[in-house]
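Each chain, written out:
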Amino acid sequence: RKEVEQDPGPFNVPEGATVAFNCTYSNSASQSFFWYRQDCRKEPKLLMSVYSSGNEDGRFTAQLNRASQYISLLIRDSKLSDSATYLCAVTTGAGSYQLTFGKGTKLSVIP
Amino acid sequence: SQTIHQWPATLVQPVGSPLSLECTVEGTSNPNLYWYRQAAGRGLQLLFYSVGIGQISSEVPQNLSASRPQDRQFILSSKKLLLSDSGFYLCAWTPPSGGIDTQYFGPGTRLTVL
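Note that this is a predicted model, so its numbers are computed, not measured.

A.B. asks: Got a minute to help me understand the sheet that holds strand β8 (residues 73-78) of chain B in this structure?
C.D. replies: Backbone-to-backbone hydrogen bonds join strands into a sheet, with any given pair of strands oriented parallel or antiparallel. Residue and element names in this part refer to chain B. The strand order across the open sheet formed by four strands is β1-β3-β8-β7, and the pairing between neighbours is antiparallel. Two strands in the sheet have a free side with no partner beyond their single neighbour: β1 (3-7) and β7 (64-70). With strand direction ignored, the average angle separating the axes of adjacent strands in the sheet is 20°. As paired strands, strand β3 (residues 19-26) and β8 are joined by six bridges and run antiparallel to one another. Counted as the bridge partner of leucine 21 is leucine 76 from β8.

A.B. asks: Looking at this structure, how should I read the nonpolar core?
C.D. replies: Here is a general trend for soluble globular proteins: nonpolar side chains tend to be buried in one another's company. Ranked by size, the top nonpolar core spans 23 residues in total, and within it Phe21(A), Trp35(A), Ile71(A), Leu73(A), Ile75(A), Tyr86(A) and Leu107(A) carry the most contacts. Listed by contribution, the elements that provide at least two residues to this core are β3 (19-25), β4 (33-38), β5 (45-50), β7 (60-65), β8 (70-75), β9 (84-91) and β11 (105-110) of chain A. Listed in part, the 19 residues of the second largest apolar core include Leu21(B), Trp35(B), Phe74(B) and Leu76(B).

A.B. asks: Is there a simple way to think about the side chain of Ser49(A) in this case?
C.D. replies: With respect to the element layout, Ser49(A) can be found in strand β5. In this structure Ser49(A) comes out as buried when scored by relative accessible area, which is 16%. Excluding anything up to four places from it in sequence, Ser49(A) contacts Phe33(A), Phe34(A), Asn55(A), Ala62(A) and Thr102(B).

A.B. asks: What's the story with the layout of surface pockets in this structure? I'm lost.
C.D. replies: Here the largest pocket is characterised by a volume of approximately 1200 Å³. Along the wall of the largest pocket there are 39 residues; nearest its centre are Lys103(A), Gln38(B), Arg42(B), Gly43(B) and Leu44(B). Class assignment of the residues belonging to the lining of the largest pocket gives a composition of 13 nonpolar, 14 polar and twelve charged.

A.B. asks: Sorry if this is basic, but what is going on with the state of the cysteines here?
C.D. replies: By definition, a disulfide is the covalent link that joins the sulfur atoms of two cysteine residues. All names here are of chain A. A full pass over the atoms with the stated rule returns two disulfides over all chains. Two residues, cysteine 23 and cysteine 88, share a disulfide whose sulfurs are 1.9 Å apart. Taking the torsion about the sulfur-sulfur bond, which here is approximately 60°, the covalent link between cysteine 23 and cysteine 88 counts as right-handed. One end of the pair, cysteine 23, is in strand β3; the other, cysteine 88, is in strand β9, with 65 residues separating them in the sequence. The same class applies to cysteine 23 and to cysteine 88, which are both buried.

A.B. asks: Please clarify how the pairing of β8(A) should be interpreted in this entry.
C.D. replies: Taken residue by residue, a regular strand's side chains alternate between the two faces of the sheet. Residues and elements named next belong to chain A. Examined bridge by bridge, β3 and β8 share six bridges and lie antiparallel to one another. Residue pairing in the sheet places alanine 20 in a bridge with leucine 74 of β8. Here six bridges tie β7 to β8, and the two strands are oriented antiparallel to one another. Paired with phenylalanine 60 across the strands is isoleucine 75, a residue of β8.

A.B. asks: Please clarify how the packing of aromatic side chains should be interpreted in this entry.
C.D. replies: How two aromatic rings sit relative to each other is given by the distance of their centres and the angle of their planes. With the rule as written, the count across this model stands at 13 aromatic pairs over all chains. Lying across the ring of Phe88(B), Arg110(B) places its NZ or CZ 4.0 Å from the centre.

A.B. asks: Teacher, can you tell me more about the side chain of Gln13(B) here?
C.D. replies: Residues and elements named next belong to chain B. Locating glutamine 13 in the fold gives a position in strand β2 (residues 10-13). A polar side-chain atom of glutamine 13 sits 3.4 Å from a polar atom in the side chain of serine 17. Filtering out sequence-adjacent residues up to four positions away, glutamine 13 remains in contact with Pro18, Leu81, Leu111, Thr112, Val113 and Leu114.

A.B. asks: Hey, could you run me through the interface of chain B and chain A in this one?
C.D. replies: Frequently, the measure chosen for interface size is the accessible area that the parts lose on association. Contact with chain B, which involves 23 residues of that partner, is made by 21 residues of chain A. Interface of chain B and chain A: buried area, both sides summed, is about 1700 Å²; carbon and sulfur atoms make up 58% of it. One can count zero salt bridges joining chain B with chain A. In this assembly, chain B and chain A are joined by three residue pairs in polar contact (both at pLDDT 80 or more). Classifying every residue of the side of chain B that touches chain A by side-chain character gives eleven nonpolar, eight polar and four charged.

Basis of the calculations
Residues numbered from 1 in each chain as written. Chains lettered and ligands numbered in written order. Predicted model: local features only at pLDDT ≥ 70, side-chain atom pairs only at ≥ 80, totals over all residues. Heavy atoms only, no water. Pairing = 2+ DSSP bridges. Helix = DSSP H or I, 4+ residues; strand = E, 2+ residues; numbered from the N terminus. Axes fitted to C-alpha atoms, helices over the stretch in contact; angles between N-to-C directions. Core = buried A, V, L, I, M, F, W, Y, C linked by side-chain atoms within 4.5 Å. Buried < 20%, exposed > 50% of the residue type's maximum accessible area, 1.4 Å probe, protein only. Contact = heavy atoms within 4.5 Å. 1 Å grid on protein atoms, 1.4 Å probe; cavity = no way out; pocket = protein on both sides within 12 Å on 5 of 7 lines; lining within 4 Å. Points joined across faces, edges and corners; volume = space filled by probe spheres on them. Nonpolar A, V, L, I, M, F, W, Y, C, P; charged D, E, K, R; others polar. Disulfide = S-S within 2.5 Å. Phe/Tyr/Trp six-rings, centres within 6.5 Å; stacked < 30°, edge-to-face > 60°. Lys NZ or Arg CZ within 6 Å of the ring centre and 35° of its normal. Polar contact = N/O pair within 3.5 Å; in protein donor to acceptor, adjacent residues only side chain to side chain. Buried area = accessible area lost by both parts, 1.4 Å probe. Salt bridge = Lys/Arg side-chain N within 4 Å of Asp/Glu carboxyl O.

Right under this line is the structure:
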């Protein structure tokens, strides 16, 4: 099993739709979780951290399920500007500051 | 505020030529520094990380090497490039060890080896 897995997509959704991405991880000792956004030919930029209690930032909601070892990202009311690749990242183990990234899920929001 | 710089932005090199990519961070001291490569169709691959001057850990054995001659400078090198070295090279930083924290990326160097 790969360390961090994501559905590569692409997810093609109309404007205003709600879309959800999942990311599974294999290391049960992982402590920190993140979602990054990467635009075409650009560097990844932090979208949000994922806390045990879940967290919300405007139209974006991230959740963590430790029992099933996955994190999720929900985007409500999709905008054209949300089109990008979304990468999940997971620390490699307890106390580690190294991150393992998924390959990313590509989202295209269509007018 | 902290900023991270990488240069060059793009590079085209022949097979067998040397490589030197530079990354510098401003506005912080003793950051942890990372080099990643993102090849076409593949995820981010951690190549090297450093927790201090002269301290380099390698994640993947290959023909690349890294050095940290100054606190906020991280260099990626190769003596002889391979075709498979083509990719998007990203430098990242986090605050000094003591807690798990987010990694922030530089703008990257796009390398094409011909």
